[in-house]
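# Working through the structure, step by step
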Amino acid sequence: LDIPVYNGKRIKPFRVEVTQERMRKAGWDRPAYKLNLYEKNKKKGITTTIWISDDEQRLPLRFYAERAFGVVDGILETGRSTDRETSGFSAATSKSLQLVF
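Here's what I pulled together on the structure shown here. None of the values given here were measured: they were computed from a predicted structure.

## Quick notes on the environment of Ile11
For Ile11, the position within the fold is in strand S2 (residues 11–25). Given a relative accessible area of 59%, Ile11 falls into the exposed group. Not counting the four nearest positions on each side in its chain, Ile11 is found in contact with Pro4, Val5 and Tyr6.

## A word on the pattern of salt bridges
Pairs can form between side chains of opposite charge once their charged atoms are near each other. Taken as a whole and assessed by the stated rule, the structure comprises 7 salt bridges. A salt bridge links Lys12 to Glu39; the shortest N-O distance between them is 3.6 Å. Placement of the pair is Lys12 in strand S2 and Glu39 in strand S3 (residues 28–39), with a sequence separation of 27 residues. When its relative accessible area of 17% is taken as the criterion, Lys12 is described as buried. Judged by relative accessible area, which is 15%, Glu39 ranks as buried. Here Asp73 makes a salt bridge to Arg62, at a shortest N to O gap of 2.9 Å. With a gap of 11 residues between them, Asp73 in strand S6 (residues 70–75) and Arg62 in strand S5 (residues 60–67) connect regions that are remote in the sequence. Linked through salt bridges whose partners overlap, the residues forming this network are Asp2, Arg15 and Lys40.

## Quick notes on the sheet that holds S2
The strand order across the open sheet formed by 6 strands is S1-S2-S3-S4-S5-S6, and the pairing between neighbours is antiparallel. Both edges of this open sheet fall to strand S1 (2–6) and S6, since each of them pairs with a single strand only. Across the sheet, the mean angle separating the axes of adjacent strands is 25 degrees when strand polarity is ignored. By the bridge criterion, 5 bridges tie S1 to S2 in an arrangement that is antiparallel. Its bridge partner being in S2, Val5 is matched across the sheet by Lys12.

Definitions and limits used
- Residues numbered from 1 in each chain as written.
- Predicted model: local features only at pLDDT ≥ 70, side-chain atom pairs only at ≥ 80, totals over all residues.
- Heavy atoms only, no water.
- Helix = DSSP H or I, 4+ residues; strand = E, 2+ residues; numbered from the N terminus.
- Buried < 20%, exposed > 50% of the residue type's maximum accessible area, 1.4 Å probe, protein only.
- Contact = heavy atoms within 4.5 Å.
- Salt bridge = Lys/Arg side-chain N within 4 Å of Asp/Glu carboxyl O.
- Pairing = 2+ DSSP bridges.
- Axes fitted to C-alpha atoms, helices over the stretch in contact; angles between N-to-C directions.

Here you go:
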């Protein structure tokens, strides 16, 4: 999929490649869409990868971006079952939801 992206100064052509794989990180183990985004006209560019749940919710599960200063890696934290017992949303997710809604 080719899409134009406005970066605040100009429109840049980006390509999005979509594949399906299981998201297995930080307690997640579910089918997901993996979206690889990169600038179309660069031979070796900085990439961004987003994993989205393969269900009707389309939850953003993980965000991974390579930048000049290093890597940004974000994982959705919710009340899903993991090694330890938790219920409901994490404190960070609850605060974010309060700000949005």
